[in-house]
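Observations on the three-dimensional arrangement
The primary structure of each chain is shown beneath.
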Amino acid sequence: MKVFKKVTWIDPKDTTKTPRSAHMHNLMTCRLRKRREGGKVVTELLTGGGGGRIKFWRIDKDNFAHDPVKDVIQLPPEQKGGASPGIKALDSFPGTGEIIVGTDRCEVLFVEVKDLKDKRFEKENGKATGGKTTAKLMVQGHKARVEALAAHPTQPGLFATGSHGDRVNLWSAESREIVAICTLKGQEVTCVAFNPDG
């Protein structure tokens, strides 16, 4: 594989203007999303890395990704002192603070960002006001890393996954059960997506 361009960002407050990597570990996945904030539509880039971090990058009118400052979610390790799972895929349910994450441990996690607006962009005395996040195991038992994952654009809680087999699973986040299966007969699933209209 050939790297054509390394994506970096420059902290506007850094007087040295030193380019920095987006993640300490490999950047494994990214997803654009739009959400409403104070009557405006905000575009964000969600990124996930090998170190188990999800970062939120705001995109301005010039399409420049700003430093997420404290807009970071660190997935917890399975055991105290252990490593966090690597993030292989992620998506968000439209209009909510809910994110689904596919990991290198063959699992799907449901991450809920509470008080999203407060946590994300409001500041108080130079510090983020802080919301709380919770990560729950949704699905475990895929045969390989979950690198294909997509949230349904119009049906809350419905999402699809694939993991290097020939099956796409459609899941209900509420019941944590498969509601439909599509087999691609010998074709390997490497990504999944829904029609934007649902």
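Placed above this text is the structure.
Below or above, wherever it landed, is the structure these notes cover. On a predicted model such as this, the values are computed, not experimentally measured, just so you know.

**Notes on the sheet that holds strand S5 (residues 53–59)**
The strand order S3-S4-S5-S6 describes an open sheet built from four strands, whose pairing is antiparallel. Edge positions in the sheet fall to strand S3 (27–37) and strand S6 (72–74), since each of these pairs with one other strand and no more. On average, each strand axis in the sheet is tilted by 20° relative to the strand beside it, whichever way the strands run. Bridge analysis of S3 against strand S4 (residues 40–49) gives ten bridges, and the strand direction is antiparallel. Looking at S4, one finds that Thr-29 is bridged to Gly-48.

**Overview of the pairing of strand S8 (residues 98–103)**
Within S8, five of the six residues are buried, leaving the element largely enclosed by the surrounding structure. Where strand S7 (residues 87–92) meets S8, five bridges bridge the pair, whose relative direction is antiparallel. Across the sheet, the residue bridging to Leu-90 is Val-101, located in S8. Counted between consecutive antiparallel strands, the loop separating S7 from S8 contains five residues, among which Gly-95 sits at a positive phi close to 75°. For S8 and strand S9 (residues 107–113), the ladder comprises five bridges, and the chain directions are antiparallel. The partner of Ile-100 across the bridge, within S9, is Phe-110. Hairpin connection of S8 to S9: three residues between the antiparallel strands, including Cys-106 at a positive phi of 65°.

**A word on the pattern of salt bridges**
In this structure the tally under the stated criterion is four salt bridges. In this structure, Arg-31 engages Asp-91 in a salt bridge whose closest nitrogen and oxygen atoms are separated by 3.6 Å. Of the two residues, Arg-31 sits in strand S3 while Asp-91 sits in strand S7, which places them 60 residues apart along the sequence. Close ionic contact of Lys-88 with Glu-147 constitutes a salt bridge, the shortest N to O distance being 3.4 Å. Placement of Lys-88 in strand S7 and of Glu-147 in the loop between strand S12 (133–140) and strand S13 (148–151) is noted, with a sequence separation of 59 residues between them. Where salt bridges share partners, they join Lys-88, Arg-145 and Glu-147 into one cluster.

**What about the nonpolar core?**
Counting residues in hydrophobic clusters, the biggest one holds 13 residues, and the most contacted among them are Phe-93, Ile-100, Val-108, Met-138, Val-139, Leu-149 and Phe-159. Elements that contribute at least two residues to this core include exactly S9, S12 and S13. In contact with Met-138, not counting residues within four places along its chain, are Val-108, Leu-109, Phe-110, Phe-159, Ser-172, Ala-173 and Arg-176. Leu-46, Phe-56, Ile-73 and Ile-87 belong to the second largest nonpolar core, which has twelve residues in total.

**Considering the sheet that holds strand S14 (residues 158–162)**
Across the sheet, four strands lie side by side as S13-S14-S15-S16; this open sheet has antiparallel pairing. In the strand order of this sheet, the two ends are held by S13 and strand S16 (177–183), each with one partner. Sheet twist, expressed as the mean angle between neighbouring strand axes with direction ignored, is 20°. The sheet contact formed by S13 and S14 spans four bridges and is antiparallel. Residue pairing for S14: Ala-151 is matched across the bridge by Phe-159.

**What to know about the packing of aromatic side chains**
Counted under the stated rule, the structure contains two aromatic pairs. Judged by centre distance (6.4 Å) and plane angle (70°), the rings of Phe-93 and Phe-159 are edge-to-face. One end of the pair, Phe-93, is in the loop between S7 and S8; the other, Phe-159, is in strand S14, with 66 residues separating them in the sequence. A ring pair is formed by Phe-159 and Trp-171, whose centres lie 6.4 Å apart and whose planes are at 15°; its orientation type is stacked. Here Trp-171 lies in strand S15 (residues 167–172) and Phe-159 lies in strand S14, a separation of twelve residues in the sequence. The exposure class of Trp-171 is buried, given its relative accessible area of 9%.

Thresholds applied
- Residues numbered from 1 in each chain as written.
- Predicted model: local features only at pLDDT ≥ 70, side-chain atom pairs only at ≥ 80, totals over all residues.
- Heavy atoms only, no water.
- Pairing = 2+ DSSP bridges.
- Helix = DSSP H or I, 4+ residues; strand = E, 2+ residues; numbered from the N terminus.
- Axes fitted to C-alpha atoms, helices over the stretch in contact; angles between N-to-C directions.
- Buried < 20%, exposed > 50% of the residue type's maximum accessible area, 1.4 Å probe, protein only.
- Salt bridge = Lys/Arg side-chain N within 4 Å of Asp/Glu carboxyl O.
- Core = buried A, V, L, I, M, F, W, Y, C linked by side-chain atoms within 4.5 Å.
- Contact = heavy atoms within 4.5 Å.
- Phe/Tyr/Trp six-rings, centres within 6.5 Å; stacked < 30°, edge-to-face > 60°.

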